[in-house]
Amino acid sequence: MRDRSTAPASLAELFITFNRLALHGFGGVLPWAQRVLVEERGWLTREEFVELLAFAQLAPGPNVCNLAIMFGDRHFGWRGAVVALAGMLVVPAALVLTLAILHGQFAQIPWVQRAVAGMAAVAAGLLIATALRLARTQPARWLALGVAAFVAVGVLRWPLVPVLAVLVPLGVGLAWRGAKEPATR
Amino acid sequence: MSTADLVALFMHFASLSPLAIGGALGTSPEMHRYLVDERAWMSHTQFVDSIALAQAAPGPNILFVTLLGWQAAGGPGALIATVGILLPSSLVCFYANRLQAAHRDARLVRAIRRGLSPIAIGLTLSAGWIIAVANDTDWKLALLTVAAIVVFLFSRRNPLWLIGAGAVAGAIGLV
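Owing to the predicted nature of the structure, the values given are computational and were not obtained by experimental measurement.

Cut-off values and rules
- Residues numbered from 1 in each chain as written.
- Chains lettered and ligands numbered in written order.
- Predicted model: local features only at pLDDT ≥ 70, side-chain atom pairs only at ≥ 80, totals over all residues.
- Helix = DSSP H or I, 4+ residues; strand = E, 2+ residues; numbered from the N terminus.
- Rg over C-alpha atoms; globule rule 2.2 N^0.38 Å.
- Buried ≥ 20, exposed ≤ 12 C-beta atoms within 10 Å, placed from the backbone.
- Contact = placed C-beta atoms within 7 Å.
- Domains from an automatic or database assignment.
- Expected span 1.5 Å × (residues − 1).
- Arc of directions from axis to C-beta.
- Nonpolar A, V, L, I, M, F, W, Y, C, P; charged D, E, K, R; others polar.

*Asks:* How should I be thinking about the overall build of chain B in this particular structure?
*Replies:* Across its full length, chain B holds seven helices and zero strands. Helices and strands in chain B line up, N terminus first, as α-α-α-α-α-α-α. A compact globule built from 175 residues should have a C-alpha radius of gyration of about 16 Å, whereas chain B, at 20 Å, is more than 25% larger. Across the 175 residues in chain B, those meeting the buried criterion constitute 51%. The long-range fraction of contacts in chain B, counting pairs at least 24 apart against all pairs at least 6 apart in sequence, stands at 45%.

Next comes the structure, spelled out in structure tokens:
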């Protein structure tokens, strides 16, 4: 599995790539992280991306920032973690501050509000499509856990931490039992 | 804003950071209580606008905290808030990841990878669903979301043009 993914050549390439994927992330960076790291660069397989994402989500902090830290550390140690995170944050932070200064004048304009709503509708679709695409990496019976997480958190809007407190031990426990079987990896 | 206030601002975000499982937005009610109600460093509208703007703008949504810091204390506030919300959680993630990477092939670590992966996908789907339900207030916006799903699933083309199309469609009143 690992041998199908390549690696970033330098810290500069790492910075530029994370900067670029963050700047594409209108309404959310995750779909672009998946697209750039997996589909374009081939730095991660889809399976590896899901595994990194799983740890990134369970750790405190923003998923995509955690993903950058873990990915950067994997290839360049702590320097890579810092560079990938900085790549993701520095330019977008300057941009969002600039927008905030303008925002005071523009936010209440109806066409701006509708433009943002149109953009958010697409961004939501990208996130949903990313989840569906990643779901293909999973054996069908394991997807039951994903469906349970979606129903509890997405549809029923139950608070995240209690849901995870049930689903995480359940998932890890089932996998622990299954890990004995020679058929599973 | 005094140095003591900047320290208080930093400590506020740093103390919420380790609690921000699934992203910092879940801790935003506590931020609102502290920044708006208790300290009155910004108005309710400034608070809500900061979240909306960071979500629409390119970049990680955590940048809403940068904006909150800026609203509270200008440039130094923006820097202090961003470092405060990210540093503790990033250190936890960094060392936890090193621990699991060092034991990649251990049975427990393999079980964690196997068991968590489908949950991660379910949570990602939830995030998209929640945004869609909140944002898509009429059938045209919902149609735009469905179109984005279909295009992203079945086309290899860069979907950035679709985000632009969504913005234009909104701006000229098509959706």
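After that view, the rundown keeps rolling.
*Asks:* Before we go on, may I ask you to explain the domain arrangement of chain A in this structure?
*Replies:* How big an interface is tends to be reported as the loss of accessible area on association of its parts. Parsing chain A into structural domains produces domain 1 (2-137) and domain 2 (139-185). Distance between the C-alpha centres of domain 1 of chain A and domain 2 of chain A: 25 Å.

*Asks:* Is there a simple way to explain helix H6 (residues 139-154) of chain B in this structure?
*Replies:* Residues and elements named next belong to chain B. Between its terminal C-alpha atoms H6 stretches 22 Å, which fits the 22 Å expected from 16 residues at 1.5 Å a residue. Every buried residue of H6 is accounted for by Leu141, Leu144, Thr145, Ala148, Ile149 and Phe152. Buried positions in H6, seen along its axis, are confined to an arc of 140° and lie on one side of it. Opposite its buried face, H6 presents the exposed residues Trp139, Val150 and Phe154, each directed more than 90 degrees away.

*Asks:* Would you take a moment to explain the interface of chain B and chain A for this structure?
*Replies:* Opposite the 83 residues of chain B that make contact, chain A presents 84 residues. Among the elements that line the side of chain B that touches chain A, the one with the most residues is helix H5 (residues 107-135) of chain B, at 26 residues. Broken down by class, the residue content of the side of chain B that touches chain A amounts to 52 nonpolar, 24 polar and seven charged.

*Asks:* How do you make sense of the environment of Ile16 of chain A when you look at a structure like this?
*Replies:* Within the fold, Ile16 of chain A resides in helix H1 (residues 11-24). In this structure Ile16 of chain A comes out as partly exposed when scored by C-beta crowding, with 13 C-beta atoms within 10 Å.

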